[in-house]
Amino acid sequence: MAEDLKAANNLESKLDSGSVRFGANRAAMVALLGEMRSEEGTIREGGGAKAADAQHAKGRLTVRERLALLLDKDSEWTELGLWAAHGMYAEFGGAPGAGVVTGLGRVEGRLCMIVANDATVKAGAFFPMTAKKVLRAQTIALENRIPTLYLVDSSGVFLPLQEDVFPDQDDFGRVFRNNAVMSSLGVPQITAIMGMCVAGGAYLPVMTDTVLMTEGSGLFLAGPALVQAAIGQKTPAEELGGAQMHAEISGTVDFKEPNDHLCIARLRSLVGKLGRRGQQTTDDEVFSRVAFDPGKDAPRFSAEDLYGLMDPAKAATNSYDVREVIARVVDRSEFDEYKAEFGRTLVCGYARIGGRAVGIVANQKQNQQQTVAMGPQAGTKRTEFGGVIYTESAQKAARFIMDCNQQLVPLLFLHDVNGFMVGKDAEWSGIIRAGAKMVSAVSTSVVPKITVILGGSFGAGHYAMCGKAYDPRFLFAWPTARYAVMSGASAANTLVEVRVKQLERAGKVLSAEEKAGIYDEIKATYDAQADPRYGAARLWIDAIIDPAKTREVLMTALEACALNPEVPRFNPGVLQT
């Protein structure tokens, strides 16, 4: 009987790895990955070799050297927000990674959120995107109850941009508010000051649970120069706010350490002694989890096959069976598909990833045949375009999302969506009503949600598939992702018409070549803004991931989600019927 069940939910693969198309797609994907990895390598260098030498001259390690000591050897490091501020602040020389490193890593076996200033980038100063990156890391830690470690080495707010860093609800001050809220909810926070910690930034460590500080570091609301300017008092930095003073006189720091190495050793020791407030035992977790064997329970197909799945240059028009992705992500390639014959442009179903139960909602990119339910053509077949959400698929997804909330199953959304179907037939079928039902179900969902953008993620389809505005715990993207209101070609066609009419009203008649030039200009701009690097630079995307690493990234994300055992009551509100 068990073998019959396995046969029923085993996914099969029809990918032809020997085909010309597969080979061309793979070559294009590998080239794109290579380009991105090269750019990522440059970002990880921070302020460059000269700035790293200056850090070493002060007896301090660089941020990446500190992370290498802090994290468990040979453990997975899931960096978040690496592309933050990419291509921004050029007038100030740029801010690689927004001058701060954030991510999920293991310390003494515990999964922790790490927030570490990069002092090689403008002395670790807070640019607008720095504040937003730290806030995003805190939000993830808060939602998932992840212990958070801060490695502080920052000169404070980047003053030329203070108006964009200081005052608003989601600016620098929100960091300290989050410190207090996280503490009130029992989320452990430990800070190691290993450099400067100045002005408003001085509140961050002191609002966490435990504070470590290295000799030679500085912690003060105002540095010596500002103190002298403000009140005429001349005080050496060490006397004003050095480690010895704070350890012996003010009592602000809990542990004074001689250097970075010993400070990090102490930090690891403290993390190893953290308790596990409110978390369930392995056999009694809120979300279903079974014993997992990395060898026996791995997918039956190679993850690297995903490199040949789609053409990176055709985000909106690629055609493929999304089950090929699911088969390379879920345990044993087993998938219990929900309403498989209905609403076929969305694939929904249950699976496990790393032993953890998950409900999957995925856009199907192959055209599908659907039986017409009503009207003069009732009972006949119609072709539905892959990547488009139709009335039936929206209805199916809404019901599936509600079922997952009822059964406490976390949700995974796999995007490659062109949007909702339009036209008379769609409107008569109630597409707006069905779409509203799906969006409502996503909005009121209380179980953890994780989003991965595989290809296109356009228009209202992005919203319905749990886009950034719908509070996914994590939002990842493949290099092939395209993230915009509509594709570059569609936008260019629309905007060219607008531009041409404006010019014609002014009395100018354009040639075909001039119209083509306008089209190319608009499309190039739009395509650049739809590139995942553009979105990741603005923290719309938490990380751009290697398709072959999707399963590993999701295993870490699901583990993080399970750290928070509190699930509010599901109350979907009024649904259109």
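Trainee: What's the story with the overall build of the protein chain in this structure? I'm lost.
Mentor: The secondary structure content of the protein chain amounts to 20 helices and 20 strands. With respect to the principal axes defined by its C-alpha atoms, the protein chain has extents near 90 × 75 × 50 Å. Out of the 577 residues belonging to the protein chain, those deemed buried represent 53%. A separation threshold of at least 6 residues defines the contact pool for the protein chain, and within that pool the share at least 24 residues apart is 74%. About 25300 Å² of surface is accessible on the protein chain, with carbon and sulfur atoms providing 54% of the total.

Trainee: Looking at this structure, I do not really get a nonpolar patch on the surface. What am I missing?
Mentor: On the surface, a nonpolar cluster with roughly 290 Å² of combined accessible area is contributed by Tyr203, Met207 and Leu221. Within the secondary structure, tyrosine 203 sits in helix 7 (residues 203–206). What makes tyrosine 203 partly exposed here is its relative accessible area of 43%.

Trainee: Explain empty space enclosed by the protein here, please?
Mentor: Over the atoms, a rolled probe matching the size of one water molecule traces out where space is still vacant. Inspection of the entire model under this criterion finds four cavities of 30 Å³ or more. By volume, the largest cavity amounts to about 120 Å³. Lining the largest cavity are 16 residues, and of these Asn117, Phe126, Val152, Ser154 and Leu204 sit closest to its centre. Of all the secondary-structure elements, those providing two or more residues to the lining of the largest cavity are strand 3 (110–117), strand 4 (148–154) and strand 5 (189–198). Per-element accounting of the lining of the largest cavity gives the leading share, four residues, to strand 4.

Trainee: Before we go on, may I ask you to explain the state of the cysteines in this structure?
Mentor: In a disulfide, the sulfur atoms of two cysteines are held together by a covalent bond. In total, this model carries zero disulfides according to the counting rule given. Looking at the unpaired cysteine 466, the closest cysteine sulfur is the one in cysteine 561, lying at 11 Å. When its relative accessible area of 0% is taken as the criterion, cysteine 466 is described as buried. With a relative accessible area of 2%, cysteine 561 lands in the buried category.

Trainee: How do you make sense of the packing of helix 17 (residues 488–505) against helix 18 (residues 512–530) when you look at a structure like this?
Mentor: Two numbers describe a pair of packed helices, the interaxial angle and the distance between the axes. For the pair helix 17 and helix 18, interaxial distance at closest approach is 8 Å and the crossing angle is 135°. When the interaxial angle is binned, helix 17 and helix 18 end up oblique. Helix-helix and strand crossings are classified by hand; for helix 17 and helix 18 the assignment is right-handed. Where helix 17 approaches helix 18, its residues Gly488, Ala489, Ala491, Ala492, Asn493, Leu495, Val496, Arg499, Val500 and Leu503 are matched on the opposing element by Lys515, Ile518, Tyr519, Ile522, Lys523, Tyr526 and Asp527.

Trainee: Honestly, helix 20 (residues 550–562) in this entry has me stumped. Any pointers?
Mentor: Side chains that are three or four residues apart share a direction in an α-helix, a result of its 3.6 residues per turn. Given a rise of 1.5 Å per residue, 13 residues ought to cover 18 Å, and the 18 Å separating the end C-alpha atoms of helix 20 matches this to within 8%. For helix 20, the full list of buried residues reads Thr550, Arg551, Val553, Leu554, Thr556, Ala557, Leu558, Glu559, Ala560 and Cys561.

Trainee: Before we go on, may I ask you to explain the environment of proline 472 in this structure?
Mentor: In this fold, proline 472 is placed in the loop between helix 16 (459–464) and strand 18 (474–477). Note: C-alpha distance between proline 472 and tyrosine 526 (54 residues apart in sequence) is 25 Å. Not counting residues up to four positions away in its chain, the partners in contact with proline 472 are Arg136, Glu143, Lys449, Thr451, Cys466 and Gly467.

Trainee: Teacher, can you tell me more about unusual backbone geometry here?
Mentor: Phi is mostly negative for residues that are not glycine, and the peptide bonds are mostly trans. For alanine 98, which is not glycine, the phi dihedral falls at a positive 60°. Here alanine 98 shows up in the loop between strand 1 (78–80) and strand 2 (100–107). Looking at alanine 98, the relative accessible area reads 0%, which means it is buried. A positive phi angle is found at serine 333, which is not glycine, with a value near 55°. On the accessibility criterion, serine 333 (0% relative accessible area) is buried.

Trainee: Looking at this structure, how should I read the side chain of lysine 133?
Mentor: With respect to the element layout, lysine 133 can be found in helix 5 (residues 128–144). Comment: no salt bridge for buried lysine 133; closest opposite-charge side chain is glutamate 79, at 5.1 Å. A polar side-chain atom of lysine 133 sits 2.9 Å from the main-chain carbonyl oxygen of glycine 97. Look past the residues within four positions of lysine 133 in its chain and what remains in contact with it is Leu80, Gly81, Leu82, Ala84, Gly97, Ala98, Val100, Val101, Thr102 and Leu539.

Trainee: Is there a simple way to explain the pairing of strand 6 (residues 210–214) in this structure?
Mentor: In summary, the side chains of a regular strand alternate between the two faces of the sheet. Strand 6 sits mainly inside the fold: five of its five residues count as buried. Side chains Thr210, Leu212 and Thr214 of strand 6 all project onto a buried face; the interleaved residues Val211 and Met213 project onto the opposite face, where all are buried too. Pairing of strand 5 with strand 6, which is carried by four bridges, proceeds in the parallel orientation. Bridge pairing links isoleucine 190 to threonine 210 in strand 6. Judged from the three bridges that link them, strand 6 and strand 8 (residues 255–257) form a sheet pairing that is parallel. Bridging across to strand 8, methionine 213 finds its partner in lysine 256.

Trainee: Would you mind going over the pattern of salt bridges with me for this structure?
Mentor: In a structure, side chains of opposite charge can pair up when their charged atoms sit close to one another. Following the criterion strictly, the structure yields 32 salt bridges and no others. Where arginine 44 meets glutamate 79, a salt bridge forms, and the shortest distance between an N and an O atom there is 3.7 Å. Highlighted residues: arginine 44 in helix 2 (residues 20–44) and glutamate 79 in strand 1, separated in sequence by 35 residues. Residue glutamate 79 is classed as buried on the basis of its relative accessible area, which comes to 10%. A salt bridge links aspartate 531 to arginine 533; its shortest N-O distance comes to 3.0 Å. Of the residues examined, aspartate 531 reaches a relative accessible area of 14% and is grouped as buried. Residue classification places arginine 533 among the buried positions, given a relative accessible area of 12%. Three or more residues joined by partner-sharing salt bridges are found here, namely Glu35, Glu39, Asp531 and Arg533.

Cut-offs applied
Residues numbered from 1 in each chain as written. Predicted model: local features only at pLDDT ≥ 70, side-chain atom pairs only at ≥ 80, totals over all residues. Heavy atoms only, no water. Helix = DSSP H or I, 4+ residues; strand = E, 2+ residues; numbered from the N terminus. Buried < 20%, exposed > 50% of the residue type's maximum accessible area, 1.4 Å probe, protein only. Contact = heavy atoms within 4.5 Å. Areas by Shrake-Rupley, 256 points an atom, 1.4 Å probe, with all protein chains shown as cover. Patch = residues over 30% accessible without salt bridge, like charges linked within 9 Å, V, L, I, M, F, W, Y side chains within 5 Å. Salt bridge = Lys/Arg side-chain N within 4 Å of Asp/Glu carboxyl O. 1 Å grid on protein atoms, 1.4 Å probe; cavity = no way out; pocket = protein on both sides within 12 Å on 5 of 7 lines; lining within 4 Å. Points joined across faces, edges and corners; volume = space filled by probe spheres on them. Disulfide = S-S within 2.5 Å. Axes fitted to C-alpha atoms, helices over the stretch in contact; angles between N-to-C directions. Parallel < 35°, antiparallel > 145°, perpendicular 65-115°, else oblique. Left-handed = near helix turned anticlockwise from the far one by under 90°. Expected span 1.5 Å × (residues − 1). Lys, Arg positive; Asp, Glu negative; His and termini not counted. Polar contact = N/O pair within 3.5 Å; in protein donor to acceptor, adjacent residues only side chain to side chain. Pairing = 2+ DSSP bridges.

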